[in-house]
Amino acid sequence: MTSPVKTVQFQRKQTYKELRSYLGGDFNPNSVTAALAAAYVDERLLKSPDSPSTRRRKLSALGAFWEWMALRCYTPKGMNPWKGFRLGNNESERNKPKKRPYTMPELVALFSGNPTYPALREVMVLGLYTGARIDEICSLAQGHIRFEGGIAYMQIVKSKTNAGARTLAIAHPIPLAVLKKRHRRKGPATAQLFHELKGGGYDKKLSWHVGQAFRYHRNGRGLTGATDFHSLRRTFITRLENLGIDQVRIARYVGHSLPTLAFQVYSGGATEATQAATGRAVGYPHEVEKAAASFINQ
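Residue positions are given per chain, counted from 1 along the sequence in the order it is written. Per-residue local features are limited, in this predicted model, to residues with pLDDT of at least 70; the limit for side-chain atom pairs, both in listing and counting, is 80 or more; totals at the level of whole chains, interfaces and linings are taken over all residues. Hydrogens and water are ignored here; the side-chain numbers use all heavy atoms of the structure.

1. Some thoughts on the overall build of the protein
(1) Moving on: Helix and strand counts for the protein stand at 14 helices and 3 strands.
(2) Moving on: Relative accessibility under 20% of the residue-type maximum defines a buried residue, over 50% an exposed one, and the middle range a partly exposed one, all with a 1.4 Å probe and only protein chains included. The buried share of the protein, reckoned over its 298 residues, is 42%.
(3) Moving on: Sequence separation of at least 24 residues holds for 67% of the intrachain contacts in the protein that already meet a minimum separation of 6.
(4) Moving on: Here the Shrake-Rupley method, with its probe set to 1.4 Å, supplies the accessible areas, and only the displayed protein chains count as covering residues. Just so you have it, the protein exposes about 16300 Å², and 54% of that area is on carbon and sulfur atoms. Strands here mean DSSP runs of E at least two residues long; helices mean DSSP runs of H or I at least four residues long; both are numbered from the N terminus. Note on contacts: a residue pair is in contact if any heavy atoms of the two residues lie within 4.5 Å.

The following block contains the structure:
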């Protein structure tokens with residue numbers, strides 16, 4: 001797991017890089033006047049797609065950097081052009097809709113087109129039919145997959161929560177075909193299931209570039225920012241609810257904390273038979289199934 005210190009260091013470097021780009025390259029910090037700082041805030045920070053908290057964090061990072069330079073006599077003490085700004089929550093952010101599941105017509109649109117990024121199609125299909133998070137899918141290793149009785153058992157080891165560590169039973173033919181194609185009986189169990197993926201971002205997650213490619217594909221299909229890759233997980237959970245699967249089985253399958261203290265404390269966990277029963281129930285309307293099958297077989 002990436003340390004908080006490394007995360008902050010990466011974020012600050014990105015902030016400095018953005019300012020450098022705005023100013024056209026290397027610059028003397030003493031040339032950044034209060035007027036220039038105000039122009040940057042108005043023209044770049046406030047007009048960026050960043051959330052209000054991210055904008056405030058970037059402004060704070062610039063202020064802290066100028067204070068550090070003043071302590072080391074690179075800039076005059078008491079002359080910090082990044083102080084005094086107030087960046088509140090603007091109206092557009094307050095009115096911004098929350099992320100939501102996909103509608104069935106949106107799924108048909110999403111599972112169309114011709115994305116070329118390696119493994120993106122397969123990761124999307126597994127997201128649709130398992131509800132797994134993007135990093136859980138991209139982090140799969142060969143040893144995390146086994147087949148028994150016509151079912152693929154997919155072990156989720158790397159997850160953002162303790163409840164997320166689980167074994168999924170996959171019975172639907174479309175994701176099952178993806179796993180059969182990718183699985184190698186010979187070779188190291190630690191080898192990546194999606195060997196083409198390379199780490200990216202400050203924490204070198206295998207899902208980083210996939211997430212970027214997914215957003216590009218989603219936008220190209222005419223879908224809005226109200227949905228993202230995680231919306232496949234939202235859609236999956238909603239679908240299981242509509243199919244009559246009870247909340248405990250859904251929570252066990254998708255890796256959520258259980259809804260009651262009794263289950264959290266006394267339950268020994270879901271058996272593979274229970275997970276298999278949930279896996280067999282997974283399915284979508286005909287038009288979505290047709291789109292997903294065509295998408296993965298192109």
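Now that the structure has been shown, the text picks up again.
2. A short note on the environment of Leu120
(1) Moving on: Structurally, Leu120 is set in helix α6 (residues 120-130).
(2) Moving on: Given the relative accessible area of 1%, Leu120 is considered buried.
(3) Moving on: Leu120 sits 176 residues away from Ile296 along the chain, and the two C-alpha atoms are 9.7 Å apart.
(4) Moving on: Excluding anything up to four places from it in sequence, Leu120 contacts Pro115, Val210, Ala213, Phe214 and His217.

3. Here's the deal with the nonpolar core
The nonpolar side chains of a soluble globular protein tend to be buried with one another.
(1) Moving on: In terms of nonpolar packing, the biggest core is built from 51 residues, with Phe111, Val123 and Leu128 touching the most fellow members.
(2) Moving on: In terms of residue count, α6 provides more of this core than any other element does, 7 residues in total.
(3) Moving on: Look past the residues within four positions of Phe111 in its chain and what remains in contact with it is Met124, Val125, Leu128, Leu232, Ala291, Ala292 and Phe295.
(4) Moving on: One finds Leu19, Tyr40, Leu59 and Met69 within the second-largest nonpolar core, a separate group that totals 12 residues. By nonpolar core is meant a set of buried Ala, Val, Leu, Ile, Met, Phe, Trp, Tyr and Cys residues that side-chain atoms within 4.5 Å join together.

4. Remarks on the pairing of strand β2 (residues 151-156)
(1) Moving on: In terms of residue burial, β2 counts as a mostly covered element, since 5 of its 6 residues are buried.
(2) Moving on: Note on pairing: DSSP must find at least two bridges between two strands before they are called paired. With antiparallel pairing between neighbouring strands as the criterion, strand β1 (residues 145-148) and β2 make up a hairpin whose turn holds 2 residues, including Gly149 at a positive phi of roughly 60°.
(3) Moving on: Sheet topology places β2 next to strand β3 (residues 166-170); 5 bridges connect them, and they run antiparallel. From the neighbouring strand, Tyr153 faces β3, where its bridge partner is Ala169.

5. So, the packing of helix α10 (residues 230-242) against helix α11 (residues 247-254)
(1) Moving on: Where helices are involved, their axes are fitted lines through C-alpha atoms of the stretch in contact, as for all axes, and angles between N-to-C directions lie from 0 to 180°. Taken N-terminus to C-terminus, the directions of α10 and α11 make an angle of 150°; their axes are 10 Å apart at the nearest point. Judged by the inter-axis angle, α10 sits roughly antiparallel to α11. The chirality of how α10 crosses α11 is right-handed. Judged by residue contacts, Arg233, Phe236, Ile237, Leu240 and Glu241 of α10 engage Ile250, Tyr253 and Val254 from α11.
(2) Moving on: In this classification, Asp, Glu, Lys and Arg are treated as charged, Ala, Val, Leu, Ile, Met, Phe, Trp, Tyr, Cys and Pro as nonpolar, and every other residue, Gly included, as polar. Partitioning the contact of α10 with α11 into residue classes produces 6 nonpolar, no polar and 2 charged. Put simply, angles under 35 degrees are roughly parallel, angles over 145 are roughly antiparallel, angles from 65 to 115 are roughly perpendicular, and the rest are oblique. For any pair of crossing helices, the crossing counts as left-handed if the nearer helix is rotated counterclockwise from the farther one by less than a right angle, and right-handed if it is rotated clockwise.

6. Examining the confidence of the model for the protein
(1) Moving on: The score called pLDDT rates the predictor's confidence residue by residue, from a low of 0 to a high of 100. Considering every residue of the protein, the mean pLDDT works out to 87; 90% of them sit at 70 or more.
(2) Moving on: Element-level mean pLDDT values for the protein span from 43 in helix α12 (residues 261-266) up to 98 in α6.
(3) Moving on: This stretch, residues 261-268, has a pLDDT under 50; its non-local contacts, to residues over four places away or in other chains, come to 6 contacts.

7. Focus: the pattern of salt bridges
Side chains that differ in charge, positive against negative, can pair when their charged atoms come close.
(1) Moving on: Salt bridges are counted wherever a side-chain nitrogen of Lys or Arg sits within 4 Å of a carboxyl oxygen of Asp or Glu. Per the stated rule, a full pass over the model turns up 12 salt bridges.
(2) Moving on: Taking the shortest distance from any N to any O, the salt bridge between Arg234 and Asp228 comes out at 2.9 Å.
(3) Moving on: By relative accessible area, which is 19% here, Asp228 ends up buried.
(4) Moving on: When salt bridges with common partners are traced through the structure, they connect Glu18, Asp50 and Lys58 into a single cluster.

8. Brief notes about the packing of aromatic side chains
(1) Moving on: Paired rings are identified among Phe, Tyr and Trp, the last through its six-membered ring, by centres lying within 6.5 Å, and are further divided according to the angle between planes into stacked (under 30 degrees), edge-to-face (over 60) and tilted (the rest). Evaluation of the coordinates by the stated rule reveals 11 aromatic pairs.
(2) Moving on: With centroids separated by 4.9 Å and ring planes inclined at 70°, the aromatic side chains of Tyr22 and Tyr40 adopt a geometry described as edge-to-face. Here Tyr40 lies in helix α2 (residues 34-45) and Tyr22 lies in helix α1 (residues 4-22), a separation of 18 residues in the sequence.
(3) Moving on: Ring centres of Tyr40 and Trp82 lie 5.8 Å apart, and the angle between their planes is 85°; on these two criteria the pair is classed as edge-to-face. Of this pair, Tyr40 sits in helix α2 while Trp82 sits in the loop between α3 (52-71) and α4 (91-94), placing them 42 residues apart in sequence. Across the pair, Trp82 and Tyr40 agree in class, each one buried.
(4) Moving on: Through successive ring pairs, a cluster of aromatic residues spans Tyr16, Tyr22, Tyr40, Phe65, Trp66, Trp68, Tyr74 and Trp82.

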